[in-house]
Amino acid sequence: MKYNNIRAAKFISRPNRFIANIEIDGVREICHVKNTGRCRELLTESADIYVQEFDNSNRKTKYDLISVFKGERLINMDSQVPNKVFHELLLSGRLFSNIAHIRPECRYKNSRFDFYVEADNKKIFIEVKGVTLEEDGVVMFPDAPTERGLKHLHELGDSIDEGYEAYVCFIVQMKDVSYFTPNYKTHREFGETLKSIREKGVKIIAFDCEIQKDSIGARDTVDIIL
């Protein structure tokens, strides 16, 4: 996936979940943050960031925050992009062959899963999670308790009982990581549920991404330790 009109900037502060104060070309500006997660380990004062510039008078801000450097590591923190990356991955044929149907945002029981796919005579539900939390090369999800995410896991497990296949795919929004593991410290129930639905037959997969200032794309599978 490509971004247009990318500019380098500095992060200053984050008054609330939706906006950040940034400095670009020596001028202080307000920027939309496309990730409502905490991201405290990423958005530190004077961090180097990339923003997307828009020329649209209907917008409240001129910029969107796209990615941030954590040391030498560039991390994409656009929470809308993992589904787009996964869709490109689907179309590449790396996951399934003979795809007959792809439906984004498919309702099942009380959940709306990110994708429903029909391939190789199988009916498949897929939930996609973006991962931006990293410590010493280990990436984790979630960075905050997620009751909605927990509901998705339970209902993916339920779908197995009705003859569907089911996947959870973690899109790691960076590259060169050691492995993925649930963030038990932040939300133990999410991690325990992930283990239990894998035992039931839900497939857990993860991919890292090639990150450039103006692009992101799925790269390699990432080892998973539950």
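Higher on the page you've got the structure.
About the cut-offs
Residues numbered from 1 in each chain as written. Predicted model: local features only at pLDDT ≥ 70, side-chain atom pairs only at ≥ 80, totals over all residues. Heavy atoms only, no water. Helix = DSSP H or I, 4+ residues; strand = E, 2+ residues; numbered from the N terminus. Rg over C-alpha atoms; globule rule 2.2 N^0.38 Å. Buried < 20%, exposed > 50% of the residue type's maximum accessible area, 1.4 Å probe, protein only. Contact = heavy atoms within 4.5 Å. Patch = residues over 30% accessible without salt bridge, like charges linked within 9 Å, V, L, I, M, F, W, Y side chains within 5 Å. Areas by Shrake-Rupley, 256 points an atom, 1.4 Å probe, with all protein chains shown as cover. Salt bridge = Lys/Arg side-chain N within 4 Å of Asp/Glu carboxyl O. Lys, Arg positive; Asp, Glu negative; His and termini not counted. Charge placed at Lys NZ, Arg CZ, Asp CG, Glu CD. Axes fitted to C-alpha atoms, helices over the stretch in contact; angles between N-to-C directions. Parallel < 35°, antiparallel > 145°, perpendicular 65-115°, else oblique. Nonpolar A, V, L, I, M, F, W, Y, C, P; charged D, E, K, R; others polar. Phe/Tyr/Trp six-rings, centres within 6.5 Å; stacked < 30°, edge-to-face > 60°. Core = buried A, V, L, I, M, F, W, Y, C linked by side-chain atoms within 4.5 Å.

**Q** Help me understand the overall build of the chain, please; the structure alone is not making it clear to me.
**A** Helix and strand content of the chain: three helices and 15 strands. A compact globule built from 226 residues should have a C-alpha radius of gyration of about 17 Å, and the chain, at 18 Å, falls within 12% of that. Taking the principal axes of its C-alpha atoms as reference, the chain extends roughly 60 × 35 × 30 Å. Split into buried and exposed, the 226 residues of the chain put 48% on the buried side. Taking contacts inside the chain between residues at least 6 apart in sequence as the whole, the part at least 24 apart equals 63%.

**Q** Explain a positive patch on the surface to me, please; I cannot follow it from the model alone.
**A** Taken together, Arg107, Arg112, Arg148 and Lys151 make up a surface patch of like positive charges. Mapping Arg148 onto the fold places it in helix H2 (residues 147-161).

**Q** What am I meant to see in the pattern of salt bridges here?
**A** Side-chain pairing between opposite charges can occur once the charged atoms of the two side chains come close. Tallying each qualifying case throughout the model produces 22 salt bridges. A salt bridge links Glu127 to Lys129; the nearest nitrogen and oxygen atoms lie 3.2 Å apart. The exposure class assigned to Glu127 is buried, which follows from its relative accessible area of 2%. For Lys129, a relative accessible area of 6% corresponds to the buried category. Look at the salt bridges and you will find they share partners, linking Lys175, Asp176, Asp208, Glu210, Arg219 and Asp220 into a network.

**Q** Sorry, what's going on with the side chain of Asn21 here?
**A** Inspection of the secondary structure puts Asn21 in strand S2 (residues 19-24). If we ignore the near neighbours within four places in the chain, the residues touching Asn21 are Lys10, Phe11, Ile12, Ser13, Pro15, Arg28, Glu29 and Ile30.

**Q** Explain the packing of H2 against helix H3 (residues 188-200) here, please?
**A** When two helices pack together, you describe them by how their axes are tilted relative to each other and by the distance separating the axes. Two elements in contact, H2 and H3, have axes separated by 10 Å at closest approach and are oriented at 10°. Considering the angle they form, H2 stands roughly parallel to H3. Between H2 and H3, the contacting residues are Gly149, Leu150, Leu153, His154, Gly157, Asp158, Ile160 and Asp161 on the first element and Glu189, Phe190, Thr193, Leu194, Ile197 and Lys200 on the second. For the contact of H2 with H3, the per-class residue count stands at six nonpolar, four polar and four charged.

**Q** Would you mind going over the packing of aromatic side chains with me for this structure?
**A** Each pair of aromatic rings is reported with the distance of its centres and the angle of its planes. Under the defined criterion, the tally for this structure stands at 12 aromatic pairs. Judged by centre distance (5.2 Å) and plane angle (45°), the rings of Phe86 and Phe115 are tilted. In this pair, Phe86 sits in helix H1 (residues 81-92) while Phe115 sits in strand S8 (residues 111-119), placing the two residues 29 residues apart along the sequence. Phe115 carries the same exposure label as Phe86, and that label is buried. Plain terms: the ring middles of Tyr108 and Phe113 are 5.9 Å apart, the flat faces sit at 20° to each other, and that makes the pair stacked.

**Q** Honestly, the nonpolar core in this entry has me stumped. Any pointers?
**A** Nonpolar side chains in soluble globular proteins tend to end up buried together. Counting residues in each nonpolar core, the largest one holds 42 residues, and the members touching the most others are Ile22, Ile49, Val51, Val168, Phe170, Phe180 and Leu194. Per-element accounting of this core gives the leading share, four residues, to strand S12 (residues 165-172). Contacts of Phe170, omitting those with residues within four sequence positions, involve Lys129, Val131, Phe141, Phe180, Phe190, Leu194, Ile204, Ile205, Ala206 and Phe207. In this structure, Tyr3, Phe96, Ile171 and Phe207 belong to the second largest nonpolar core, which totals 25 residues.

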